[in-house]
Amino acid sequence: MNAPGLPLAALRQVYVTKPWLPPLEAFIPYLEQIWDNRVLTNSGPFHQRFEQALAEHLGVEHLSLFSNGTLALVTALQALRISGEVITTPYSFVATAHSLLWNGIKPVFVDVDPVTLNLDPARIEAAITPQTTAIMPVHCYGRPCDVEAIQRIADIYNLRVIYDAAHAFGVRGTMGNPLDYGDMSALSFHATKVFNTFEGGAIVCRDAKAKTRIDHLKNFGFVDETTVVAPGINGKMNEFSSALGLLQLQHVDEAIRRRREIARAWLAGLADVRGIRCLQAGQLDSTNNGYFPVMVEPEYPIDRDALYQRLKDAGIHPRRYFYPLISEFPMYRGLPSAAPNNLPVATAAARRVLCLPIYPDLEPSVIERACELIAAR
Ligand SMILES: *Cc1c(COP(=O)(O)O)cnc(C)c1O
């Protein structure tokens, strides 16, 4: 397996991401405090501190922590009482559409924009029916959607907008903070994301009343010891994750800065490779560089899957995000909107995009080696 003469770093298996963690010593005092408090969950002191600190960090006013991003999505739909049909993108992680099915909602897939790979606002109107109640776009790879165009459509047709903002931690667009748009946004702090609490998530909403409803829903619907106002779920973040989140906040800006350097190295290394288009080119300063997607164009000598295999054989494991499309999975492919001819841009992207490894301590030698492999004819 290990070809002689390769630098040691290149021989290790390199996956698309490696979770970012603060120094372990720094976490010990937090653990000691949890052990002292003997409050492990249910809006304990770390939950309260982290929720407030995170809202400040993200520049939002109303935020509710969750045990993961999927429950945040499911609960956001519940909180807004969404039903019927929801327009969404097939080019995402399955949890986006799964959150609709868990609410008995029918997903209606609409194609994505060829440049941003986000839900294409120009195609939304044609998919609206009398049953449509909401739009659920995704800020794919952390690049903000055309939030203003989406809101214009939502206003005309009286639709709610719920953003899957799982990739959008700390990003800014030309329109400012994408979390300021839509009725609610759901974030994920899963281990693979730019900012992690092992597992975790949050809903950002517009006012205190909405936050109160979300807080009830994530705690079984309890308002007090004996009053249950809704069929809620258990979506609470525990004290361990909350404490880690509080500590992670001190390091996340530095982690994102280092990701940007890695992205620059990829961009430089791939600049002269014909047929490889870096989708984040020109976006490095506005995105959080959570992903480094490249488009393997038709003029590249081999197809995406062959390139994927070539890198894998060398111990570098990129990911085919997002392949298959959500609309290709068995629980979705029977829907009329799932037909590939309804989704030509997403279908082509799913066949051509490869996400290269990116994380704060990715070694430059890995990028060099990967770029050599990608440039090889
Ligand atoms: C990670 C992710 C989710 C799910 O978040 P979890 O915290 O893993 O439940 C949802 N949508 C998208 C686009 C994601 O990338």
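Predicted model only: the values in this text are computed from it and were never measured.

### A closer look at the overall build of the chain
Within the chain one finds eleven helices and 14 strands. Rg of the C-alpha trace for the chain: 21 Å, near the compact-globule value of 21 Å for 377 residues, within the 12% margin. In terms of its C-alpha atoms, the chain occupies a principal-axis envelope of roughly 70 × 55 × 35 Å. Counting across all 377 residues of the chain, residues that qualify as buried make up 54%. Once local pairs closer than 6 in sequence are excluded, the contacts in the chain between residues at least 24 apart make up 70%.

### Examining the site of the ligand
Among the 14 residues in the neighbourhood of the ligand, the closest are listed as Gly-69, Thr-70, Asp-164, Ser-188 and Lys-193. Between the ligand and Asp-164 there is a distance of 2.7 Å, counted from a nitrogen atom to a side-chain nitrogen or oxygen. Taking Ser-188, its side chain carries an N or O atom lying 2.7 Å from an oxygen atom of the ligand. Elements represented by at least two residues in the shell around the ligand include exactly helix H4 (69–79) and helix H5 (95–101). When grouped by side-chain class, the residues that make up the shell around the ligand number three nonpolar, nine polar and two charged.

### Comments concerning the packing of aromatic side chains
Per the counting criterion, the structure on display carries 18 aromatic pairs. Their ring planes at 25° and their centres at 6.1 Å tell us that Phe-50 and Phe-195 sit as a pair that is stacked. Taken as a pair, Phe-50 in helix H3 (residues 45–58) and Phe-195 in the loop between strand E7 (184–188) and strand E8 (201–205) lie far apart in primary sequence, 145 residues in all. Relative to Tyr-141, the ring of Tyr-91 has its centre 6.2 Å away and its plane inclined at 85°; by these criteria the two rings are edge-to-face.

### Some points on the side chain of His-139
Residue position: His-139 is located in the loop between strand E5 (132–136) and helix H6 (147–157). Here the side chain of His-139 touches Cys-145 through a polar contact of 3.0 Å, landing on its backbone nitrogen. Leave out the neighbours within four places in its chain, and His-139 touches Asn-118, Pro-144, Cys-145, Val-147, Tyr-163, Asp-164, Ala-165, His-167, Ala-168 and Pro-178.

### Considerations on the domain arrangement of the chain
Examined at the domain level, the chain breaks down into domain 1 (8–20 + 252–375) and domain 2 (24–249). Distance from the C-alpha centre of domain 1 to the C-alpha centre of domain 2: 25 Å. In this complex, domain 1 contributes 36 residues to the contact, which on the side of domain 2 involves 38 residues. Broken down residue by residue, the surface that domain 1 buries against domain 2 is led by Val-252, Phe-322 and Ile-326, which jointly contribute 22%. At the junction of domain 1 and domain 2, the tally comes to zero salt bridges. Our count for the domain 1 to domain 2 interface comes out at 20 residue pairs in polar contact (both at pLDDT 80 or more). Within the residue set of the side of domain 1 that touches domain 2, elements represented by two or more residues are helix H8 (239–270), helix H10 (344–352) and strand E14 (353–356). Element by element, the count of residues in the side of domain 1 that touches domain 2 is highest for H10, at five residues. Residues belonging to the side of domain 1 that touches domain 2 are distributed by class as follows: 24 nonpolar, ten polar and two charged.

Calculation rules
Residues numbered from 1 in each chain as written. Predicted model: local features only at pLDDT ≥ 70, side-chain atom pairs only at ≥ 80, totals over all residues. Heavy atoms only, no water. Helix = DSSP H or I, 4+ residues; strand = E, 2+ residues; numbered from the N terminus. Rg over C-alpha atoms; globule rule 2.2 N^0.38 Å. Buried < 20%, exposed > 50% of the residue type's maximum accessible area, 1.4 Å probe, protein only. Contact = heavy atoms within 4.5 Å. Near = heavy atom within 4 Å. Polar contact = N/O pair within 3.5 Å; in protein donor to acceptor, adjacent residues only side chain to side chain. Nonpolar A, V, L, I, M, F, W, Y, C, P; charged D, E, K, R; others polar. Phe/Tyr/Trp six-rings, centres within 6.5 Å; stacked < 30°, edge-to-face > 60°. Domains from an automatic or database assignment. Buried area = accessible area lost by both parts, 1.4 Å probe. Salt bridge = Lys/Arg side-chain N within 4 Å of Asp/Glu carboxyl O.

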